[in-house]
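Residues per chain, in single letters:
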Amino acid sequence: MRTSRSSVRSRLTALFAGAATLGALLAAGTATAHAAGPPLRDLAEAKGKVMGTAVTGSKLTGTYGEIAGREFNWLTPGNAMKWGSVEPARGSFNWAEADQIVDFAEAHGQEVRGHTLVWHSQNPGWLDNGNWTPAELGRLMDDHIALEVGRYKGRVAAWDVVNEPFNEDGTYRQTLWYNGLGTDYIARALTAARAADPAAELYINDYNVEGVNAKSTALYNLVKSLKERGVPIDGVGLQAHLIVGQYPSTMQQNIQRFADLGIDVAITELDIRMQLPATQAKLTQQAADYKAVMNACLAVSRCTGVTVWGFTDSDSWIPGTFPGQGAATPYDENYNPKPAYHAIAQALGGGTGQPTEGCTATYSVGSQWNTGLTGQVRIACAGASLSSWKADWTFGAGQRITQAWNATCTQSGTTVSCTNAAWNGSVPDGGSVTFGFNAWWNGSNPVPTVTLG
Ligand code: XIL
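None of the values given here were measured: they were computed from a predicted structure.

*Asks:* I tried to follow the sheet that holds strand S13 (residues 390-394) on my own but got confused; where do I start?
*Replies:* Each strand in a sheet pairs with another by means of backbone hydrogen bonds, the pair being arranged parallel or else antiparallel. Strand order in the open sheet formed by four strands is S15-S16-S13-S18, and the pairing between neighbours is antiparallel. Single-partner strands in this sheet number two, and they are strand S15 (407-412) and strand S18 (451-452). In the sheet, S13 pairs with S18 via two bridges, with the strands oriented antiparallel. Within the sheet, the bridge partner assigned to aspartate 392 lies in S18 and is threonine 451.

Shown next, in the form of structure tokens:
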């Protein structure tokens, strides 16, 4: 982050928004489906990250509005700020939806990610079809950026200035901008955006750049050369439109290499699609994939946070764009949180959010010698089931975990917290899962009580 303006404001207004939300919940009783446990935005903030969602302005009322306001602290207009939306006819502007989203964000203590200024898609017909000279095209781009960024100066914290500039093989995409102005349209756009709002964070955003590959390497090389030339660039956006079961294993490494260039990284459009119909197995895998993305971002301090591209399956671009696929977001079409929601919460340090009555966790010591022990925890369900789990206990006599298998365990002080591995989150009704660990002990080795979360 270049300034602390955003985080301070979000902290102050979040207090206010929290009070307002509590009031709304009390007034609404329990009619609205919502997850137990703290909202994602609070969990994220405690970790120094942001949690965002793309939104559609017209839907920001009722349950959709409640969830958008309660769970997220960043909003991205899904379409409202694109050139084709704001200037459908030349010189004729429509800012209504963009304004509405920015107003909503301010009322809920949220920051806005502006999306997007210079792109090959969703441009107005008059722009796509005009036969512009390079000089005209350059002026159109400069003026558009000055107008839109200037309009929201001080109110939009970060801009996706340039969207999707690369082909899959790392060559530049042939677009209106590239064809007319050459590769330098990118530097020019960034410079114009900085002039229009010096406090806004400026990003280049693209898809299929989550792992290390030819396309992300081209983006990396571009950012490196922009930095060397002194062109203003504050971050890269990794869209992360992923497919269930295909989490890119080099994601953390890729985020780290961008961070090492001295810029921020944001996950800007996360969704994880599947072939419909959704099954329990696919939703469980999806939860593991969401968690992996969260963990990759959490592991790198310059990763600012994660934005989902729509929080509910009822407001997702996937079914319309990838026929036969869907169920890509953390909430189902009826606003019920899916395993993916709980996985995000869990990655951010929250509980699984699932009722755990009917499931028990039993700690036992398998063998113990001088100062070492091997133990295990068995989680069993009867009349209930889990799609992910978290097992916590207190080592009251100074024991320390050194190694765990079939779970990820961390120990902080006396508190041990273990979450499922990618392959064993699901505990079926009548079934069980066991994980093991090694630990040191000294003096005494009492058996702790394990709490499922
Ligand atoms: C999508 C919107 O979600 C859809 O409503 C619209 O019809 C098409 O664009 N990458 C981007 C986003 O940067 O702007 C796209 O949003 C999804 C892919």
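*Asks:* Help me out: how do you make sense of the site of the ligand in this one?
*Replies:* The environment of the ligand is formed by Asn79, Lys82, His115, Trp119, Gln122, Asn163, Glu164, Gln239, His241, Glu269, Trp309 and Trp317. Between the ligand and the protein, one listed contact pairs an oxygen atom with a side-chain N or O atom of lysine 82 at 2.7 Å. Here the ligand, which alone exposes 410 Å², has 76% of that area covered by the protein. Its residues assigned to classes, the shell around the ligand comprises three nonpolar, six polar and three charged.

*Asks:* Would you take a moment to explain helix H3 (residues 62-71) for this structure?
*Replies:* Each full turn of the α-helix corresponds to 3.6 residues, which orients residues three or four apart in the same direction. Judged by how many residues are buried, H3 sits mostly within the fold: seven of 10 residues are covered. Inspection of H3 places Tyr64, Gly65, Ile67, Ala68, Gly69, Arg70 and Glu71 among the buried residues, and these make up the whole buried set.

*Asks:* Is there a simple way to explain the sheet that holds strand S14 (residues 400-405) in this structure?
*Replies:* Pairing is antiparallel in the open sheet, where four strands are placed in the order S11-S12-S17-S14. The outermost strands of the open sheet, each flanked by one partner alone, are strand S11 (359-369) and S14. Pairwise comparison of adjacent strand axes, ignoring direction, gives a mean angle of 25° for this sheet. Here S11 pairs with strand S12 (residues 372-381) via 10 bridges, running antiparallel. Bridging from a neighbouring strand, alanine 361 pairs with isoleucine 379 of S12.

*Asks:* For this particular structure, what's the right way to read the side chain of lysine 338?
*Replies:* Secondary-structure assignment places lysine 338 in the loop between strand S10 (325-326) and helix H14 (339-347). Excluding its chain neighbours within four sequence positions, the residues that come into contact with lysine 338 are Leu283, Gln286, Asp313, Ala327, Ala328, Thr329, Pro330, Tyr331 and Asp332.

*Asks:* Quick question: what am I supposed to make of the nonpolar core here?
*Replies:* For soluble globular proteins, nonpolar side chains are generally found buried alongside one another. Membership of the largest hydrophobic core comes to 95 residues, with the highest contact counts inside it found for Met51, Trp159, Ile267 and Leu270. Ranked by residues supplied to this core, first place goes to helix H9 (residues 185-196) with eight residues. Excluding anything up to four places from it in sequence, isoleucine 267 contacts Leu238, Gln239, Ala240, Met251, Ile255, Val293, Cys297, Cys303, Gly305, Val306 and Thr307.

*Asks:* I'm lost on the state of the cysteines in this one. Help?
*Replies:* In a disulfide, the sulfur atoms of two cysteines are held together by a covalent bond. Summed over all chains, the structure comprises three disulfides. With a sulfur-sulfur separation of 2.1 Å, cysteine 297 is cross-linked through a disulfide to cysteine 303. Its torsion about the S-S bond being -100°, the disulfide of cysteine 297 and cysteine 303 is classed as left-handed. The disulfide that involves cysteine 359 links it to cysteine 381, with 2.1 Å between the sulfurs. Its S-S torsion of approximately 110° makes the covalent link between cysteine 359 and cysteine 381 right-handed. In this pair, cysteine 359 is assigned in strand S11 and cysteine 381 in strand S12, connecting sequence segments 22 residues apart. The class of cysteine 359 is buried, set by a relative accessible area of 8%.

*Asks:* Please explain helix H7 (residues 134-151) as it appears in this structure.
*Replies:* Its 18 residues place the ends of H7 26 Å apart at the C-alpha level, agreeing with the 26 Å of an ideal helix rising 1.5 Å per residue. Leu137, Gly138, Leu140, Met141, His144, Ile145, Glu148 and Val149 are the residues of H7 that are buried. Within H7, the buried residues cover an arc of 160° as seen down the axis, which keeps them to one side. Contacts made by the buried residues of H7 are with helix H4 (83-86), strand S3 (111-118), helix H6 (125-129), strand S4 (158-163), helix H8 (176-181) and H9.

*Asks:* Just checking my understanding: could you explain the domain arrangement of the protein chain for this structure?
*Replies:* As a measure of interface size, the accessible area lost when the parts come together is often cited. With domains assigned, the protein chain is organised as domain 1 (6-347) and domain 2 (359-452). Between the C-alpha centres of domain 1 and domain 2 there is a distance of 37 Å. Contact residues are listed per partner, giving six residues for domain 1 and eight residues for domain 2. When the buried area of domain 1 at its contact with domain 2 is split by residue, Thr284, Lys291 and Gln346 rank highest and sum to 68% of it. There are zero salt bridges connecting domain 1 and domain 2.

*Asks:* Just checking my understanding: could you explain the packing of helix H10 (residues 214-229) against helix H11 (residues 251-259) for this structure?
*Replies:* In helix packing, the relevant descriptors are the interaxial angle and the interaxial distance, both defined with respect to the helix axes. Direction vectors running N to C along H10 and H11 enclose 10°, while the axes themselves pass 10 Å from each other. Comparing their axes, H11 and H10 come out roughly parallel. Classified by chirality, the crossing of H11 by H10 is right-handed. Contacts between H10 and H11 involve Ser216, Thr217, Leu219 and Tyr220 on the former and, on the latter, Asn254, Arg257 and Phe258. Of the residues assigned to the contact of H10 with H11, the class counts are three nonpolar, three polar and one charged.

*Asks:* Sorry, what's going on with the confidence of the model for the protein chain here?
*Replies:* Detailed reading of the predicted coordinates is not advisable wherever pLDDT is low. Predicted confidence across the protein chain gives a mean pLDDT of 91, with 92% of residues reaching 70 or more. Note that residues 3-35 has pLDDT below 50 and, in this model, 35 contacts with residues that lie over four places away or in other chains.

*Asks:* Is there a simple way to explain the pairing of strand S6 (residues 235-238) in this structure?
*Replies:* On S6, burial covers both faces: Gly235 and Gly237 on one face and Val236 and Leu238 on the other are all buried. Here four bridges tie strand S5 (residues 201-206) to S6, and the two strands are oriented parallel to one another. Bridge assignment links aspartate 206 to a residue of S6, and that residue is leucine 238. This β-α-β element, S5 to H10 to S6, shows right-handed connectivity. The pairing of S6 with strand S8 (residues 264-275) spans four bridges and is parallel. When the sheet's bridge partners are listed, glycine 237 is paired in S8 with alanine 266.

Criteria and cut-off values
Per-chain numbering applies: the sequence of each chain, read as written, is numbered from 1 onward. Per-residue local features of the predicted model are confined to residues with pLDDT of at least 70, and side-chain atom pairs are confined, for both listing and counting, to 80 or more; whole-chain, interface and lining totals are unaffected and use all residues. With hydrogens and water stripped out, all remaining heavy atoms of the structure feed into the side-chain values. Strand pairing follows a simple DSSP-based rule, namely that at least 2 bridges must link the two strands. Secondary structure is summarised from DSSP: a helix means a run of H or I of at least four residues, a strand means a run of E of at least two, and numbering begins at the N terminus for each. If a single non-hydrogen atom of a residue is within 4 Å of a molecule or strand, that residue counts as near it. The definition of a polar contact used here is a pair of N or O atoms within 3.5 Å, where within protein one atom must be able to donate a hydrogen and the other to accept one, and adjacent residues in sequence count solely through side-chain atom pairs. Under the convention used here, a 1.4 Å probe and the Shrake-Rupley method define accessible areas, while residue burial counts only the protein chains that appear. Each residue receives one of three labels: charged for Asp, Glu, Lys and Arg, nonpolar for Ala, Val, Leu, Ile, Met, Phe, Trp, Tyr, Cys and Pro, and polar for the others, Gly being one of them. Burial status follows relative accessibility: with a 1.4 Å probe on protein chains alone, a residue under 20% of its type maximum counts as buried, one over 50% as exposed, and anything between as partly exposed. Lines fitted to C-alpha atoms define the axes here, with helix axes fitted over just the stretch in contact, and angles between the N-to-C directions of these axes take values from 0 to 180 degrees. Any two residues having at least one pair of non-hydrogen atoms within 4.5 Å are treated as being in contact. We define a nonpolar core as any set of buried Ala, Val, Leu, Ile, Met, Phe, Trp, Tyr and Cys residues linked to one another through side-chain atoms lying within 4.5 Å. In this description, a disulfide is simply a cysteine sulfur pair whose atoms lie within 2.5 Å. Take the residue count of a helix, subtract one, and multiply by 1.5 Å to get its expected span. Relevant arc is that of directions from the helix axis to the C-beta atoms, nothing else. Marked domain ranges trace back to an automatic or database domain assignment. In short, buried area is how much 1.4 Å probe accessible area vanishes from two parts on joining, totalled over both. Just to be clear on terms, a salt bridge is a Lys or Arg side-chain nitrogen sitting within 4 Å of an Asp or Glu carboxyl oxygen. For classification, angles of less than 35 degrees are called roughly parallel, those exceeding 145 degrees roughly antiparallel, those between 65 and 115 degrees roughly perpendicular, and all remaining angles oblique. For any pair of crossing helices, the crossing counts as left-handed if the nearer helix is rotated counterclockwise from the farther one by less than a right angle, and right-handed if it is rotated clockwise. pLDDT measures the predictor's confidence residue by residue and takes values from 0 up to 100. Viewed with both strands pointing away, a crossover whose connecting path from the first strand over the helix to the second turns clockwise is right-handed.

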